[in-house]
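# Commentary on secondary and tertiary structure
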Amino acid sequence: MGLAAEVVWPRGSALKQMRVLSLLTAVVVMAFAAASAPASEQSDLLVARGHVAYQEGQYESARNLFADAAAADPKDAAAQYGLGLSYGRLGKWDESADSFQQALRLVPDFPEAKRGLEIASAARDDSGGGRGTATEVRPGGKPWAVYAGTGVGYDSNVQLDPNDVKESAAFQFSAGARYDIARSDNLLLRLQYDLFQSIHPDVTDFNFRANHIRGTASWAPDPRVWLGVQAGWDHYALGNSSYLEEPWVMPFASILEGKAGLTQLLFRYGHEDFLSAPFEDVRSGPSYATGVTQVFYLGDPQRFLTTGYQFEADEPSRAAGNDYARDAHQFHIGVGFPAWWQTNVALTYVFRYDDYTHPNSEVDFRTHRYDDFHQIALQIRRPIGEHVNVGLSYWGTWNPSNIGLFDYRRQIVAATVEVTY
């Protein structure tokens, strides 16, 4: 990646060498931040804070910040590099060597991490070890995070209606928090809550609110394999009325493939309970999804291509809901890459074929309904401070159907600001 040229190292103690190595931290941090993917934005901010703490001699704080960054994005080699430096300054040479090794697994061509590993390994051998006790080392750093965001935009078809199209300004608000009950190199137990609210001044009956509560338990029997289960409860409201709630559970497996990418397999079961007309006591019933996602790193984890397939099924419990029984096949492809002015770009295309399994009542039960769903999503994000991100986003949706009543098009554009801590 061309992070630095060959360095001539001074003789002296390991700590002296670590001080010299730390002078390159700013260069390394900036180089990796410039190549960050959207998934690592939180990690980039934490790495920057860790660098400041390190330069001020606050090595415990720096260690915790770099550890938080590594937990936020396990693919962030700059976070692992900073951990190696901080552990070295704390005299924990085993942990320092482990962190530099992890940085090299992520980015093999990383000269500073190679030299750091040499220093840490030599110091460990000279001292006969140096691993801290369990109470001294916090592998995950800060176990919690909170965020809040707001934005303004435009929605071209709030009601998803092919005939009575109503456009409106859209005001958005989001907030959330997570807490890690336990976190280590091979275990994660996490609780999380997210809220999203959109307000449409011209179509108030379609103001939308979503609440998501979920817990995750994940374990790595091997460094390359994570197995886990996520469970949660989702609640949605339209206008002043509750619209839908759904408890669900989702086992999953993630396979890490080194610098090539990663694969994730999942199965999801939920039970949709519609809470207001016209779907109350009609459309409720179980829903299923199973799928696979593949991520390919394009030279390094900060540039990636992702693609995947998912099968979905909705099965209303009552015959009155047969119009909404469906099987669906969904495909997606997306890319993420850094761009000018420290921005991160994500572009995704989704296609879904919806096959409704019963003749539809809107055409006197003469034919089945088939929809072709297309969506393009573009997101551009940029950090503007230690805790603040700004973004622009676009969602374009086209849903042609063989029954014209269900045709619609929708365009949403939004500008947002988000604060995280």
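Just so it is clear, the structure is predicted and the values come from calculations on it, not from any experiment.

## Some thoughts on the pattern of salt bridges
Applying the stated criterion across every chain yields a total of 17 salt bridges. Note that aspartate 314 is salt-bridged to arginine 326, the shortest N-O span being 2.9 Å. Taken together, the residues aspartate 314 in strand 9 (residues 304-314) and arginine 326 in strand 10 (residues 326-338) connect sequence positions 12 residues apart. There is no split in this pair, since aspartate 314 and arginine 326 are both buried. Among the charged side chains, a network of salt bridges with common partners joins Glu312, Asp314, Arg326, Arg352 and Asp354.

## Overview of the pairing of strand 7 (residues 261-274)
Put simply, side chains in a regular strand alternate between the two faces of the sheet. Inspection of the sheet shows strand 6 (residues 241-256) paired to strand 7 by nine bridges, in the antiparallel sense. Bridge pairing in strand 7 links serine 254 to glutamine 264. The antiparallel hairpin formed by strand 6 and strand 7 contains four residues in its connecting segment, where glycine 258 sits at a positive phi of about 60 degrees. Judged from the 12 bridges that link them, strand 7 and strand 8 (residues 285-297) form a sheet pairing that is antiparallel. By the bridge assignment, leucine 265 is partnered in strand 8 with valine 292.

## Some points on a nonpolar patch on the surface
The grouping of Trp144, Val146, Tyr179, Ile181, Leu187, Leu189, Leu191, Trp219, Leu227 and Tyr421 at the surface amounts to a nonpolar patch, some 900 Å² of accessible area in total. Broken down by element, the nonpolar patch gets its largest block of residues, three residues, from strand 3 (residues 187-199). Mapping isoleucine 181 onto the fold places it in strand 2 (residues 168-184).

## Focus on the packing of helix 4 (residues 59-72) against helix 5 (residues 77-89)
When two helices pack together, their arrangement is given by the angle between their axes and by how far apart the axes lie. At a minimum axis distance of 8 Å, the contact between helix 4 and helix 5 shows a crossing angle of 155 degrees. Accordingly, the angle class assigned to the pair helix 4 and helix 5 is roughly antiparallel. Seen along the crossing, helix 4 lies across helix 5 with a hand that is left-handed. Here Tyr59, Ala62, Arg63, Phe66, Ala67, Ala69 and Ala70 of helix 4 come into contact with helix 5, specifically with Ala79, Gln80, Gly82, Leu83, Ser86, Tyr87 and Arg89. By residue class, the composition of the contact of helix 4 with helix 5 is nine nonpolar, three polar and two charged.

## Overview of the packing of helix 5 against helix 6 (residues 93-106)
At their nearest, the axes of helix 5 and helix 6 sit 8 Å apart, and the two run at 160 degrees to each other. Classified by the angle between their axes, helix 5 and helix 6 sit roughly antiparallel to one another. Of the two possible hands of crossing, helix 5 and helix 6 adopt the one that is left-handed. Note on element contacts: helix 6 touches helix 5 through Trp93, Glu95, Ser96, Ser99, Phe100, Gln102, Ala103 and Leu106, opposite Ala77, Gln80, Tyr81, Leu83, Gly84, Leu85, Tyr87 and Gly88.

## Focus on the pairing of strand 8
In terms of strand pairing, strand 8 meets strand 9 through 11 bridges, oriented antiparallel. Counted as the bridge partner of phenylalanine 296 is leucine 305 from strand 9.

## Looking at the nonpolar core
Counting 29 residues, the largest nonpolar core has Val47, Tyr81, Leu83, Phe100, Phe110 and Ala113 as its most contacted members. The dominant element in this core, judged by the number of residues it contributes, is helix 5, at seven residues. Ranked by size, the runner-up nonpolar core spans five residues in total, among them Ala210, Tyr236, Leu244 and Phe279.

## So, unusual backbone geometry
Going from alanine 277 to proline 278, the amide bond is cis rather than trans, its omega being 5 degrees. Inspection of the secondary structure assignment puts proline 278 in the loop between strand 7 and strand 8. At aspartate 281, a position not held by glycine, the phi torsion is positive, near 60 degrees. With respect to the element layout, aspartate 281 can be found in the loop between strand 7 and strand 8. One non-glycine residue, phenylalanine 365, lies in the positive phi region at around 60 degrees. With respect to the secondary-structure elements, phenylalanine 365 resides in the loop between strand 11 (344-359) and strand 12 (368-383).

Reading the values: the criteria
- Residues numbered from 1 in each chain as written.
- Predicted model: local features only at pLDDT ≥ 70, side-chain atom pairs only at ≥ 80, totals over all residues.
- Heavy atoms only, no water.
- Salt bridge = Lys/Arg side-chain N within 4 Å of Asp/Glu carboxyl O.
- Helix = DSSP H or I, 4+ residues; strand = E, 2+ residues; numbered from the N terminus.
- Buried < 20%, exposed > 50% of the residue type's maximum accessible area, 1.4 Å probe, protein only.
- Pairing = 2+ DSSP bridges.
- Patch = residues over 30% accessible without salt bridge, like charges linked within 9 Å, V, L, I, M, F, W, Y side chains within 5 Å.
- Areas by Shrake-Rupley, 256 points an atom, 1.4 Å probe, with all protein chains shown as cover.
- Axes fitted to C-alpha atoms, helices over the stretch in contact; angles between N-to-C directions.
- Parallel < 35°, antiparallel > 145°, perpendicular 65-115°, else oblique.
- Left-handed = near helix turned anticlockwise from the far one by under 90°.
- Contact = heavy atoms within 4.5 Å.
- Nonpolar A, V, L, I, M, F, W, Y, C, P; charged D, E, K, R; others polar.
- Core = buried A, V, L, I, M, F, W, Y, C linked by side-chain atoms within 4.5 Å.

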